[in-house]
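Take a look at the letters that make up each chain.
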Amino acid sequence: MQDAWPVLVFESWRDTAITLQLWTQVVGKIRLASTPWLNHSWQVPLYVTARGLTTSPMPNGHELAEIEFDFLAHKLVGRSSNGAVAELALGPMTVADFFHAALALAGKLGLKAEINPFPCELPDAIAFADDQLHRSYDADAVHRFWRALLQADRLLKHFRTAFLGKASPVHFFWGSFDLAVTRFSGRGAPLHPGGVPGLADSVTQEAYSHEVSSAGFWPGSESFPRAVFYSYAYPQPQGFAQAAMPAGATYETTLGEFILPYDTVRASADPDALVMDFLQASYAAAASLGRWDRAALECELGQPDRPRRLAR
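About the criteria used
- Residues numbered from 1 in each chain as written.
- Predicted model: local features only at pLDDT ≥ 70, side-chain atom pairs only at ≥ 80, totals over all residues.
- Heavy atoms only, no water.
- Axes fitted to C-alpha atoms, helices over the stretch in contact; angles between N-to-C directions.
- Helix = DSSP H or I, 4+ residues; strand = E, 2+ residues; numbered from the N terminus.
- Parallel < 35°, antiparallel > 145°, perpendicular 65-115°, else oblique.
- Left-handed = near helix turned anticlockwise from the far one by under 90°.
- Contact = heavy atoms within 4.5 Å.
- Nonpolar A, V, L, I, M, F, W, Y, C, P; charged D, E, K, R; others polar.
- Core = buried A, V, L, I, M, F, W, Y, C linked by side-chain atoms within 4.5 Å.
- Buried < 20%, exposed > 50% of the residue type's maximum accessible area, 1.4 Å probe, protein only.
- Phe/Tyr/Trp six-rings, centres within 6.5 Å; stacked < 30°, edge-to-face > 60°.
- Salt bridge = Lys/Arg side-chain N within 4 Å of Asp/Glu carboxyl O.

### Some details on the packing of helix 1 (residues 14-34) against helix 2 (residues 95-108)
The geometry of a pair of packed helices is captured by two quantities: the angle between their axes and the separation between those axes.
And step 1. Viewed as axis vectors pointing N to C, helix 1 and helix 2 meet at an angle of 30°, and their least axial separation amounts to 10 Å. One finds that helix 1 runs roughly parallel with respect to helix 2. Read as a crossing pair, helix 1 and helix 2 show a hand that is right-handed. Along its contact with helix 1, which presents Thr-19, Leu-22, Trp-23, Val-26, Val-27 and Ile-30, the element helix 2 presents Val-95, Phe-98, Phe-99, Ala-102, Leu-103 and Ala-106.
And step 2. Among the residues forming the contact of helix 1 with helix 2, the class breakdown is eleven nonpolar, one polar and no charged.

The structure is reproduced here in structure tokens:
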């Protein structure tokens, strides 16, 4: 099973991870500039594909366009429904060079994207066009990262099937550089305080307008250099941090959420079962302590070619 769960040590690909996050922000902002606003910023993420990460189709006048990071061929590929195709080879290059090349690629597809020139959710951010510092691209590390995303995406999608209430698709948020799925209780939430670097408070407050239990996968960062599965609740109910979790999972006070280290998952005899147990236990803690209507919101996990049974 460890071949399916590749080694992913943040320190070993730190420079590439930072550069790649900034590149995904450029492409994500092209989508942001091209797509009407959707609740909880659901119009902005990227999505895991069989080759990498994609914007999914974006409106482009009477046509559609999409841009994909291909982490097998290591190319940025743009396609339009009018037949236009544009490509950019991915290799070591500055964020500034990628920024200009990505905008040129979008232009070849007919996308007239004018984007905010600064990164989101990063402290002390450098404008994309001025960033000559970040320029690393370790293709093997990027491939391993994508392979880890494949496993996380697969399990998060399966976990999502056991919920009848409002639930997000499995998104890759380029601001925070993580894969996430969110369940909603159906009730409104207290106004979020905001304060996220490079992100307007109005965006954060709209994203957390309703009670949520959110879980996902994060490859780590400079401030927390560990790849983890995570789960949190907003608002966090009393007693949430003390809830029992599967072995290896802990409550991380600096993040305000439960984490299950990726290395613990890799070392497990049954990684899939451990991740699913973690997702269920952390959600159950949020839902039970938050007094969600669990009987009305939950169902059995979905199975291929088997319609959901009606409760009568």
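Okay, back to it.
### Regarding the packing of helix 3 (residues 139-160) against helix 6 (residues 271-289)
And step 1. Contact pair helix 3 / helix 6: the axes reach a minimum separation of 10 Å and the direction vectors enclose 45°. In this view, helix 3 runs oblique relative to helix 6, as classed from their interaxial angle. Helix-helix and strand crossings are classified by hand; for helix 3 and helix 6 the assignment is right-handed. Seen from helix 3, the contacting residues are Arg-154, Leu-155, Leu-156, His-158 and Phe-159; seen from helix 6, they are Asp-272, Val-275, Met-276, Leu-279, Gln-280 and Tyr-283.
And step 2. Taken together, the residues that form the contact of helix 3 with helix 6 break down as seven nonpolar, two polar and two charged.

### Concerning the nonpolar core
And step 1. The biggest cluster of nonpolar side chains holds 80 residues, and the ones touching the most others in it are Phe-69, Leu-76, Phe-98, Phe-217 and Phe-229.
And step 2. Counting residues per element, this core draws most heavily on helix 3, which supplies ten residues.
And step 3. If sequence neighbours within four positions are ignored, Phe-229 has contacts with Trp-5, Ala-152, Gly-216, Phe-217, Phe-258, Ile-259, Leu-260, Tyr-262, Val-265, Val-275 and Phe-278.
And step 4. The next biggest cluster of nonpolar side chains, apart from the first, holds seven residues, and it includes Ala-180, Trp-218, Phe-224 and Ile-259.

### A closer look at the packing of aromatic side chains
And step 1. What the rule picks out here adds up to 24 aromatic pairs.
And step 2. A ring pair is formed by Phe-69 and Phe-98, whose centres lie 6.2 Å apart and whose planes are at 15°; its orientation type is stacked. Here the residue Phe-69 occupies a position in strand 4 (residues 63-70), and Phe-98 occupies one in helix 2, the gap between them amounting to 29 residues.
And step 3. Between Phe-145 and Phe-177 the ring centres are 5.3 Å apart and the planes differ by 20°, which places this aromatic pair in the stacked class. With Phe-145 in helix 3 and Phe-177 in the loop between strand 7 (171-173) and strand 8 (178-188), this pair connects stretches of sequence that are 32 residues apart. Both residues of the pair, Phe-145 and Phe-177, belong to the buried class.
And step 4. In textbook terms, an aromatic cluster arises when at least three aromatic residues are bridged by ring pairs, as seen for Trp-23, Phe-69, Phe-71, Phe-98 and Tyr-137.

### Focus on the pattern of salt bridges
And step 1. Taken as a whole and judged by the stated rule, the model has ten salt bridges.
And step 2. Asp-272 is the partner of Arg-154 in a salt bridge, and the nearest nitrogen-oxygen pair spans 2.8 Å. Of this pair, Arg-154 sits in helix 3 while Asp-272 sits in helix 6, and the two are 118 residues apart along the sequence.
And step 3. Here the salt bridges share partners, and the residues they tie into one network are Arg-14, Asp-15 and Glu-222.

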